[in-house]
Structure formats: C-alpha cells, structure tokens
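Descriptive structure summary
Spelled out, the chains give:
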Amino acid sequence: MSTRSVIFKKITTDKSVSVYMGKRDFVDNVNSVEPVDGVLLIDPGALDGRKAFVTLSCTFRYGRDDMDVMGIVFRREIYVSTRQVYPPLLDREQAVHTKIQGKLLRKLGDNAYPFFFEFPDNLPCSVGLQPGPNDSGKQCAVEFEIKAFSAESQDAKIRKRSAVKLMLRKVQYAPETDEPVEPVTRSRDFVTADKPLHLEVTLEKDTFYHGEAINVNVSVTNNSNKNIKNIIVSVDQVSTVVLYCNDSYVKSVATKDSGDAVSTGASLQKVYTLLPLLANNKERRGIALDGKLKHEDTNLASSSLIKEGVLKEVMGILVTYRVMVKLIIGGLMGSSEHGLEVPFKLMHPKPDAARESEPEEELVFEEFKRSNMKGMKADNDEDDGNVSGGDDMAPKEK
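Our subject in this report is the structure included herewith. Within any chain, residue numbers begin from 1 and follow the written order of that chain's sequence. Predicted model: local features are reported for residues with pLDDT of at least 70 only, side-chain atom pairs are reported and counted for 80 or more only, and whole-chain, interface and lining totals are derived from all residues. Side-chain figures throughout are based on the complete set of non-hydrogen atoms in the structure, without hydrogens or water.

Notes on the pattern of salt bridges
A pair is scored as a salt bridge if a Lys or Arg side-chain nitrogen falls within 4 Å of a carboxyl oxygen belonging to Asp or Glu. If you walk through the whole model with that rule in mind, you get nine salt bridges. Its salt-bridge partner being R50, residue D14 comes within 3.2 Å of it at the nearest N-O pair. Note that D14 is positioned in the loop between β1 (4-11) and β2 (17-21) and R50 in the loop between α1 (44-47) and β5 (51-61), a separation of 36 residues in sequence. Think of it in three bands: with a 1.4 Å probe and only protein chains considered, a residue is buried below 20% of the maximum accessible area for its type, exposed above 50%, and partly exposed in between. Using a relative accessible area of 12% as the deciding quantity, one classes D14 as buried. Owing to a relative accessible area of 8%, R50 belongs among the buried residues under this scheme. One salt bridge connects D25 with R169, and the closest N-O pair in it is separated by 2.8 Å. Of this pair, D25 sits in strand β3 (residues 25-27) while R169 sits in strand β10 (residues 163-171); the two residues are 144 residues apart in sequence, bridging distant segments of the chain. Look at D25 and you get partly exposed, because its relative accessible area is 29%. Looking at R169, the relative accessible area reads 11%, which means it is buried. Among the charged side chains, a network of salt bridges with common partners joins D236, R322 and E341. For the purposes of this entry, the term helix denotes a DSSP run of H or I that reaches at least four residues, the term strand denotes a run of E that reaches at least two, and both are numbered from the N terminus.

Here's the deal with the packing of aromatic side chains
Only Phe, Tyr and Trp rings take part, Trp by its six-membered ring, and two of them pair if their centres are within 6.5 Å. Stacked means planes under 30 degrees apart, edge-to-face means over 60, and tilted covers everything else. Applying the stated criterion across every chain yields a total of seven aromatic pairs. Seen in terms of ring centroids, F119 and F144 are 5.5 Å apart; in terms of plane orientation they differ by 85 degrees. Their pairing is edge-to-face. Of the two residues, F119 is situated in the loop between β7 (112-117) and β8 (127-129) and F144 in strand β9 (residues 141-151); the sequence distance between them amounts to 25 residues. Accessibility classification places F119 together with F144 in one group, the buried group. Clustering of aromatic rings is evident, with ring pairs tying together F26, F119 and F144.

Right under this line is the structure:
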C-alpha cells in the first residue's frame, strides 16, 4: 500500500511560472535551520523571453499598512535573497537535489528546475500578535514568504500577473533536556510580625507542550500575623516587540482564582492545574500566536529560543512564558500582594523520527486558489491563496 505526500502548488495568473514545494514548515534547531527547497516549472512560451526567479524573504510588520505615514514605514524586510532559476546558472543534472526535488523533477519533466535557500542563523521564527475583533489590515507579525516571478531581469518591475507567493513558517521544537527543576521560593517580612510569610512554587518540568496541562505545586507557610484571603495562579505570556521599539505585552492566557485562604499560623500545600490554550483567548487583542497560514489553525506562540551571540534586536518579537502565583493579603489598611513568578517554555514536541522519514512514493498536488476557501472570492489579489495576515485574520464578532 503506497502512502501519499502532499505537494503544495501555485501558478501565476499568466501561467508562465508554477512553484512546487513539499512542505512549508521549516525547523530552526537553534544552531542550524532546515533549508528551503522546491521546484519551479516554467512555460517557455508564456515566458516570452523573460527569466524566472525565486525570492525568500523575512518581513517584520509593526501595525497596519495605513500607518505608513510621515515617511515612517512600519514594515521592514529583515532578510531578502533572490535566485535566478531560469535560465539555470548551473546544469540541472549536476546540481545537488533533495529527495523530494528529485522526485518532482522526474515527474514534471524537462521544464522543471530546482531552487534552494539556506536561512541565516540569526532570523526570528514566525510569530504574530492577534488582532482584536474590530481590527482590520495586517497584524504585527514576523512572516516568511517564497515569491516566484518572471521578469526581464531581477531588478525589473514585476507584473502582478507574473508573480505568485507562498507563505512559509519557521518553527522551533522543544529541546531534549533532563535538567531537574528547582523550586522557586520567596519570603516576606512584616514590621508587626516576628516571622515571615513563606511561598514556594515548583513546576514538574521546564518545558511544556502546547495543549498540555501545567501542574503548579504551591506551598504556603504563613507565620506572619496577616491573613491570606486568596491565591491566584496564572500563566502569563510576555511578548516583547524588539524591532522599532521595546514594547512588552503581558497577557494571562490561563488563570485560576482559587479563593483559597491561609490564616495566621497556618500552612497550605496544593497543586493547581492550568491549561493555556488559544481556544480560550480567541478574541483577545495582542496575544502572540505562532505563524499562521490562512487555511490552517494555529496556537499560542512558542517560546523564543535564541542562539548565543545573536542580537535580540533583529528577532522581531520575543515570546516568553511564566507561571505567576499571587497571594492576596488582607489587613486593616487594605489588601496587598505577595507574588512569585516561575519561567518555563511552551513549545511543540519534536516530531517522531518515523514522521521525518524519506518522502512517500505517491505525490499529491494541492493547488491554492481563493475560490477554494470558504467565504473568499476568487481574484488576483497579491495576497492570493495561503498568504497569512489581512482582514480574515481577525476573529469575527459573535
């Protein structure tokens, strides 16, 4: 029984160039990144003497297009690389091909040519800030894109009907580690009390997977003369926009208001379970999400892992997570808080080795058209097909 491998395909309006790719998610292993590979199929008649090119770009967008005012551009290309694919600069048979490229070249024939890009190791991963229900336009995001086009030269004006785009995602998986997790403690002294209030928080591990419950072990020893009226435990997502500005957005993506009280001289030890999910934060503006393709769901953004020596300023948006435990302390002068935060990572598990095996024998081509997508009309918009962002990114009002 043969298995199937989906090939993503897109064709320019003038039929001069078609781009084929075996995947759109590329893994950043911190020290190296999977190369981007694909095949371009050209129609010599439709090209009419023009050349064919492929561009890989990484773009940071801070706000909507209509915010580009007073000479200030809120869109920046972090990385751009262009390759001439046709006429080929190297002999097609002598070039090094990936396995999926080899299969595509054999299937598509003599007018198919491979392309290949290597990511620099200092680029951010795909991430975007979720727009609010009434927001329009592009969201604040780091996006990757493959653009195939035909033109007289690399620098010539590109006709809209002669170009096509596919969004890519640069992703990271959780590192394999067995490091023990140490408890985090904090004590607070009061002027009117001989002994302190002591809080200890322990997580089961340093890294959790998307969709996995987080058990937070909380231990409180209240030797003070204050009463603890409540314990609030939350998972906070901290998103820092490090390009153009240094804005930070702290959003609680899971919260448990326990109502637990600890009186003077008493203690409490309890495990609180929280589940941070995008499903519970669908319409909250500013939540950081992993890179999204229009026809696919996404999830809360994964924690950012940065290679040592790389400047944070070029990373676009950095995402971290923490568990926050707050003790609400009652007193004659009103309430106060005693808090403690514990950082952790939220990521995808590394796929099984079996899933990373050699591409399957049968190739199934999936062509992207706006008319194939629910609620979208067919047109020639440059954001055709699976380009992320735009109005359809915003959650709909209920």
